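Fold and geometry: a report
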Amino acid sequence: MGSSPTPVVTRFAPSPTGFLHIGGARTALFNYLFARHFGGKFLLRIEDTDRERSTQAAIDAIIDGMKWLDLEWDGEITYQFARAERHAEVARQLLAEGKAYYCYATPEELEEMRAKARAEGRPMKYDGRWRDRDPSEAPAGAKPVIRLKAPQTGETTINDLVQGEVTVSHEQLDDMVLLRADGTPTYMLAVVVDDHDMGVTHVIRGDDHLNNAFRQLALIRAMGWPEPIYAHIPLIHGADGAKLSKRHGALGVTDYREMGFLPEAVENYLLRLGWGYGDEEIISRQQSVEWFTIDAVGRSPSRFDLKKLEHLNGHYMREADDARLTDLVKPRIEAQLERALTEAERAMLQSSMKELKVRAKTLVELAQSALFFFRSRPIPLDAGAMKLLQPPAPDILREAYAALADAPEWKSEALDAAVRALAERLGLGLGKVAQPLRAALTGSNTSPGIFDVLVGLGREESLGRIEDVMTSATSGQ
RNA sequence: GACCCCUUCGUCUAGAGGCCUAGGACACUACCCUUUCACGGUAGGAACACGGGUUCGAAUCCCGUAGGGGUCGCCA
């Protein structure tokens, strides 16, 4: 493993204006893995300088999502807004050094400027009209912003760990606002100051920030601070190829928890989105820390594929501990049933988990498939079950009832033997007997193995359910 | 509009000049297993955006074209 000359410090810096979305989660994951790979630090900073849009609920949701994915950050969370005075101090320093200046241009003026630039096919940037003007020319009573004097000639090349060498001409840069008219810092100022003060060595973020990097670098250079290493990772796109948004059903990372996904499945999926390690598909946390390198991240955006996530989730559910799955699925079942499960029922659920989990791709499906165990008699029958109970099923069930009732013990092997013997005696395939039984016992045409169902349900409940459909078949319709 | 980035099966990717008649995974199809559904196994269809170079040889290097994406706020 390579060791960095300086300790690696990465950071995840979401703005709390909504939940932790799936793209943000991936950015956090990459930052986390990169730091852990090098034995460095992974910091969390909440960019709450937009007082209008930042909410405590969003902060809670982000932290909740990070914890769910087990992305443990080092040290305390940094809240950007709390550092506003420090940001302003940097702006004033730049002003004092002549590297920044007051600008009195009004919003209307700027709007007009942009419209004109666009019409003339020029970059839509601030034209620097107050750059060299004397503040004495300022309109009376107008509140100025502070702008950075950005370089106007030459070019900057960033050696991005993901994007490679990217060069932008300084003519493309404009004098960005550092401090707003109300004295609060802009994002551009805040990130640069915070990253510096926090000792961030590697800025790993979405490539929607690639252009910002050049402007931020101008500020860093004005301050004479060390430049961080950048890695701009491609965004996740929806199935239609456009930037992921709510429309694509890509919600907060914790919405995937609601949808019944396991965090390790989401993590594995996110990791493989835009990154690969040979033909490896199933990758543990330990392996990913060991294998992860940022330069192996692809440069092209990738699309979100729920099917693959489901497949991965099915895999991780099969591997998951039965007790853990039981705890996760129990509340879902209770919600459906609108009652609590007894201790005995919980135990039964757990002992059936081995059979149940191989058939489900999500916890939602798992809960659904386990529901029949806890229904009270007579259990509801779905369309598939009704079909299986058409004649001659009732007659077969009568025979089955007797055979099962006579079984020497209520164990899988004994019941298996009894039912097979019956099928043979009737000259039928096992399926001809098992399917009606399944319908009677589970109310559906799909379920775990019929003998596991019988054992799980127990003798009394099983025979009772068979009896229910026998009687309703004779009396009904 | 300007600038920046991207382009291998439907999707995620392997591939860093000959190992590629392009590999794996998801999805799909067929078959096997089988009491149903899954799981598992086997097989199959499916891609180097296009056009020029460079080279003995290009998915891999260069240049164009087309398409897609991103950014251009006193938002972050």
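Quantities reported herein were computed from a predicted structural model and do not represent experimental measurements.

**A word on the side chain of Glu334**
- Within the fold, Glu334 resides in helix 11 (residues 322-337).
- Dropping the residues within four chain positions of it, Glu334 is found in contact with Arg339, Ala340 and Leu341.

**So, the sheet that holds strand 1 (residues 9-12)**
- Across the sheet, 3 strands lie side by side as 1-2-3; this open sheet has parallel pairing. Because the sheet does not close on itself, it has two edges, and the strands there are strand 1 and strand 3 (78-79).
- Across 2 bridges, the pairing between strand 2 (residues 41-46) and strand 3 is parallel. Counterpart to Ile46 in the pairing with strand 3 is Tyr79.
- Along the sheet, helix 2 (residues 56-68) makes contact with strand 1, strand 2 and strand 3, crossing strand 2 at roughly 160°.

**Side note on the sheet that holds strand 8 (residues 177-179)**
- As summarised here, the arrangement of the 3 strands in space is 4-5-8, forming an open sheet in which the pairing is antiparallel. A single partner strand is all that each edge strand has here, and the edge strands are strand 4 (100-103) and strand 8. Between one strand axis and the next, the sheet turns by 45° as a mean value, whatever way the strands run.

**Notes on the packing of helix 8 (residues 263-272) against helix 10 (residues 306-319)**
- In the contact formed by helix 8 and helix 10, the axes pass within 8 Å of each other and the chain directions differ by 135°. On the basis of the axis angle, helix 8 is oblique to helix 10. Relative to helix 10, the crossing made by helix 8 is right-handed. Facing Glu264, Ala265, Val266, Asn268, Tyr269 and Arg272 of helix 8, the residues of helix 10 in contact are Lys308, Leu309, Leu312, Asn313 and Tyr316.
- Residue classes in the contact of helix 8 with helix 10 are distributed as 6 nonpolar, 2 polar and 3 charged.

**Some remarks on the protein's contact with RNA strand B**
- What surrounds RNA strand B is a group of 65 residues, the closest being Arg180, Gly274, Val358, Arg359 and Arg438.
- The contact atoms of RNA strand B, taken as those within 4 Å of the protein, divide so that sugar and phosphate hold 66%.
- Between RNA strand B and Ser15, the relevant distance is 3.1 Å, taken from a sugar or linking oxygen to a side-chain nitrogen or oxygen of the residue.
- The contact in question runs from a base nitrogen of RNA strand B to an N or O atom on the side chain of Asn212, over 3.4 Å.
- The greatest single-element share of the surface near RNA strand B, amounting to 5 residues, is contributed by helix 17 (residues 430-442).
- Along the lines of polarity and charge, the residues of the surface near RNA strand B split into 19 nonpolar, 23 polar and 23 charged.

**Examining the confidence of the model for chain A**
- Per-residue confidence for chain A gives a mean pLDDT of 90; residues scoring 70 or more make up 96%.
- Here the predicted complex scores 0.92 on pTM and 0.94 on ipTM.

**Re helix 16 (residues 412-426)**
- For helix 16, built from 15 residues, the straight-helix expectation of 21 Å at 1.5 Å per residue is met to within 8% by its first-to-last C-alpha distance of 21 Å.
- Buried within helix 16 we find Ala414, Leu415, Asp416, Ala418, Val419, Leu422 and Ala423.
- Elements in contact with the buried residues of helix 16: helix 15 (393-405), helix 17 and helix 18 (450-457).

**Digging into the packing of aromatic side chains**
- The final tally for this structure, using the stated rule, is 11 aromatic pairs.
- Between Tyr32 and Phe42, the aromatic rings sit 5.8 Å apart at their centres with planes inclined by 85°, giving edge-to-face as the arrangement. Of this pair, Tyr32 sits in helix 1 (residues 22-37) while Phe42 sits in strand 2, placing them 10 residues apart in sequence. Residue Tyr32 shares its accessibility class with Phe42, and that shared class is buried.
- Members of the aromatic cluster, joined through ring pairs, are Phe30, Trp275, Tyr277, Trp291 and Phe292.

**A closer look at the environment of Ile283**
- Within the secondary structure, Ile283 sits in the loop between helix 8 and helix 9 (285-291).
- Judged by its relative accessible area of 5%, Ile283 is buried.
- Considering only alpha carbons, one finds Ile283 and Arg272, 11 residues apart in sequence, at a separation of 8.8 Å.
- Among residues more than four places away in sequence, those in contact with Ile283 are Asn268, Leu271, Arg272, Trp275, Ser288, Trp291 and Tyr316.

**Topic: the side chain of His202**
- You can see His202 is positioned in strand 9 (residues 202-206).
- On the basis of relative accessible area, His202 is assigned to the buried category, the value being 8%.
- Once residues within four sequence positions are removed from consideration, His202 is found in contact with Val8, Val9, Thr10, Arg11, Asn31, Phe34, Leu161 and Ile229.

**Details of the pattern of salt bridges**
- Within this structure, the stated rule accounts for 33 salt bridges.
- One salt bridge in this structure joins Arg45 and Asp195, with 2.8 Å as the shortest N-O distance. Of this pair, Arg45 sits in strand 2 while Asp195 sits in helix 5 (residues 187-197), and the two are 150 residues apart along the sequence.
- A relative accessible area of 8% means that Asp195 is categorised as buried.
- Residues Glu97 and Lys99 are paired through a salt bridge, measuring 3.2 Å at the closest nitrogen-oxygen approach.

What counts and how
Residues numbered from 1 in each chain as written. Chains lettered and ligands numbered in written order. Predicted model: local features only at pLDDT ≥ 70, side-chain atom pairs only at ≥ 80, totals over all residues. Heavy atoms only, no water. Helix = DSSP H or I, 4+ residues; strand = E, 2+ residues; numbered from the N terminus. Contact = heavy atoms within 4.5 Å. Pairing = 2+ DSSP bridges. Axes fitted to C-alpha atoms, helices over the stretch in contact; angles between N-to-C directions. Parallel < 35°, antiparallel > 145°, perpendicular 65-115°, else oblique. Left-handed = near helix turned anticlockwise from the far one by under 90°. Nonpolar A, V, L, I, M, F, W, Y, C, P; charged D, E, K, R; others polar. Near = heavy atom within 4 Å. Polar contact = N/O pair within 3.5 Å; in protein donor to acceptor, adjacent residues only side chain to side chain. pLDDT = per-residue confidence, 0-100. Expected span 1.5 Å × (residues − 1). Buried < 20%, exposed > 50% of the residue type's maximum accessible area, 1.4 Å probe, protein only. Phe/Tyr/Trp six-rings, centres within 6.5 Å; stacked < 30°, edge-to-face > 60°. Salt bridge = Lys/Arg side-chain N within 4 Å of Asp/Glu carboxyl O.

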